[in-house]
Amino acid sequence: MPFHKTFGIDLGTSTVKIYSQEQDTMITEKNMIAIRNQNQVLAVGNEAYEMYEKNPSNVSVISPMAFGKIADVTHTEMVLQALLEKTRAEGKFGNTLYLAVPSDLSEIEQRAYYTIGNSNRKNKIYMVNKTIADAVALGIPITHTKGSMIVNIGAQSTEISVIEGGKVVLSKIVELGGKQLNEAIVNEVRKQYNLHIGNRTARRLKFSLAYLKEDIREARKIVGIDSLSGLPREGIIPSDMIYETILPVIQRICEEIQFLLERTPPQMMHNIMDQGIFLAGGTTRIPDIDWFISQATGQKVRLSSYYELCTICGLKEIIGNKTLQKWVK
């Protein structure tokens, strides 16, 4: 048994990403926990997600994170410890955990991250700003940049940040992300078709039909619950309905990006205009979202191929590179 192991951890609202330095592997699991009668844990991670929207009334399937931050310390700790066990995190003298955290955390919020990472009182806990981790993965020269904007559109929040000289100089977390898009689709399908669908179905429609650039005429067959009869029924959902449904949320995200651009100092803005806006996060899998944001802001947009893995890939590089340790707290 190794005496010590090192892990990078990105706790997202939708998924938890864990990098094991010893095994040089990453795992991605849903950030969910299934509980019966408030205290009996039935499943965590992907196993809990399989129960989501299928669970009986005495079983709750929840995400302990909300809007990119810890909402329930106890359940977040349960999820993290269970997933660490899957990576065989049994260092004899504890482990070293690098936690990616949002910008501008309060002292209480920072303590919550420390608490969930140090449940056995043996672990060494380090925190890395998520924006810095994203910048490393995106190949931005952190120390030398004179102004770079990074937009991470996650499951329930969008973090918009400007970095300069190795520091986050402007940052704003907007409570808009993939889950709000899913909910909008659920509501619109119920309104137009008298059909109840789950968030999982809405998510599939979002990624398969939400064309933001080209007017592609497509449709998908889905199965939901009829609002009147309460029985299962099929429905055909067209792509133009999905486009019109998600458009207001995407436009609001663009407005928030423009808001921060207008407050960026001129010398940094010049560099952003030259480099373009860097875009990451799981919700950026929506077709042509980079093109849409570019049209709305008038700036070039550079979409990360890492998508939701951008932050954890940055943590991996930071853990393995001593010159990057200065950004670890």
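A few points on the structure. A quick note: this is a predicted structure, and the numbers were derived from the prediction, not measured.

### Quick word on the nonpolar core
Here's step 1: In this structure, Met-149, Ile-242, Ile-246 and Ile-257 are the most contacted members of the largest nonpolar core, which totals 41 residues.
Here's step 2: Secondary structure elements with two or more residues in this core: strand 11 (148-153), strand 12 (158-164), helix 5 (178-193), helix 6 (199-209), helix 7 (239-262), helix 8 (266-275), strand 17 (277-280) and helix 9 (289-297).
Here's step 3: In contact with Ile-246, other than residues within four places in its own chain, are Leu-181, Ile-185, Ala-210, Leu-212 and Ile-286.
Here's step 4: If you look at the next biggest cluster of nonpolar residues, it comprises 25 residues, including Ala-100, Ala-137, Ile-142 and Leu-324.

### Some details on the pattern of salt bridges
Here's step 1: In total, this model carries 16 salt bridges according to the counting rule given.
Here's step 2: We note a salt bridge from Arg-217 to Asp-240, for which the minimum N-O separation is 3.3 Å. Placement of the pair is Arg-217 in the loop between helix 6 and strand 15 (219-226) and Asp-240 in helix 7, with a sequence separation of 23 residues.
Here's step 3: Given a relative accessible area of 61%, Arg-217 falls into the exposed group.
Here's step 4: Two residues, Arg-263 and Glu-262, come together in a salt bridge whose shortest N-O distance is 3.7 Å.
Here's step 5: The class for Arg-263 is partly exposed, based on a relative accessible area of 45%.
Here's step 6: Salt bridges sharing common partners tie together Asp-10, Lys-17 and Lys-130.

### A short note on the packing of aromatic side chains
Here's step 1: One pass over the structure, following the stated rule, counts two aromatic pairs.
Here's step 2: Seen from their ring centres, Tyr-49 and Tyr-52 are 6.1 Å apart, and the 20 degrees between their planes marks the pair as stacked.
Here's step 3: Exposure remark for Tyr-49: the relative accessible area of 16% places this residue in the buried category.
Here's step 4: Across from the ring centre of Tyr-49, 4.7 Å away, lies the NZ or CZ of Lys-30, which sits over that ring.
Here's step 5: Positioned over the ring face of Phe-259 is Arg-263, at 3.6 Å from the centre of the ring.

### Considerations on the sheet that holds strand 12
Neighbouring strands of a sheet are bound in pairs by backbone hydrogen bonds; such pairs are parallel or else antiparallel.
Here's step 1: On the basis of which strands lie adjacent, the open sheet formed by five strands has the order 13-12-11-17-18 and mixed pairing. Strands at the two margins of the open sheet, each flanked by one partner only, are strand 13 (167-174) and strand 18 (301-303). This sheet shows a mean twist of 20 degrees between the axes of neighbouring strands, independent of strand direction.
Here's step 2: Pairing of strand 12 with strand 13 involves seven bridges; the strand directions are antiparallel. The residue of strand 13 that forms the bridge with Val-162 is Leu-170.
Here's step 3: The strands that helix 4 (residues 130-137) touches are strand 11, strand 12 and strand 13; relative to strand 12, the one it contacts most, it runs at about 70 degrees.
Here's step 4: This element, helix 7, spans strand 11, strand 12, strand 13 and strand 17 of the sheet and lies at about 20 degrees to strand 12.

### Examining unusual backbone geometry
Here's step 1: A positive phi angle, near 55 degrees, is found at Asp-24, a position not held by glycine.
Here's step 2: Along the chain, the position of Asp-24 falls in the loop between strand 2 (15-20) and strand 3 (25-30).
Here's step 3: According to the relative accessible area criterion, Asp-24 is partly exposed, its value standing at 47%.
Here's step 4: One non-glycine residue with positive phi stands out, namely Glu-53, at about 65 degrees.
Here's step 5: Within the secondary structure, Glu-53 is located in the loop between helix 1 (46-51) and strand 6 (59-62).

### Concerning helix 8
Here's step 1: The set of residues buried in helix 8 consists of Met-268, Met-269, Asn-271, Ile-272 and Gln-275. Each buried residue of helix 8 sits inside an arc of 160 degrees when the element is viewed along its axis, so together they form one side. In this structure, helix 8 carries Pro-266, Gln-267, His-270 and Asp-274 as exposed residues pointing more than 90 degrees from its buried face.
Here's step 2: Looking at the buried residues of helix 8, the elements they touch are strand 11, strand 12, strand 13, helix 7, strand 17 and strand 18.

### Re the sheet that holds strand 4 (residues 33-36)
Here's step 1: Across the sheet, three strands lie side by side as 5-4-6; this open sheet has antiparallel pairing. Looking at the sheet topology across the chains shown, the edges are occupied by strand 5 (40-44) and strand 6. This sheet shows a mean twist of 25 degrees between the axes of neighbouring strands, independent of strand direction.
Here's step 2: Pairing analysis gives four bridges linking strand 4 to strand 5, with the strands arranged antiparallel. Its bridge partner lying in strand 5, Ile-33 is registered against Val-44.
Here's step 3: Its contacts with the sheet place helix 2 (residues 73-86) against strand 4, strand 5 and strand 6, and it is angled at close to 120 degrees to strand 4.

What counts and what doesn't
Residues numbered from 1 in each chain as written. Predicted model: local features only at pLDDT ≥ 70, side-chain atom pairs only at ≥ 80, totals over all residues. Heavy atoms only, no water. Core = buried A, V, L, I, M, F, W, Y, C linked by side-chain atoms within 4.5 Å. Buried < 20%, exposed > 50% of the residue type's maximum accessible area, 1.4 Å probe, protein only. Helix = DSSP H or I, 4+ residues; strand = E, 2+ residues; numbered from the N terminus. Contact = heavy atoms within 4.5 Å. Salt bridge = Lys/Arg side-chain N within 4 Å of Asp/Glu carboxyl O. Phe/Tyr/Trp six-rings, centres within 6.5 Å; stacked < 30°, edge-to-face > 60°. Lys NZ or Arg CZ within 6 Å of the ring centre and 35° of its normal. Pairing = 2+ DSSP bridges. Axes fitted to C-alpha atoms, helices over the stretch in contact; angles between N-to-C directions. Arc of directions from axis to C-beta.

Everything listed here is a matter of geometry and, on its own, says nothing about what the molecule does.
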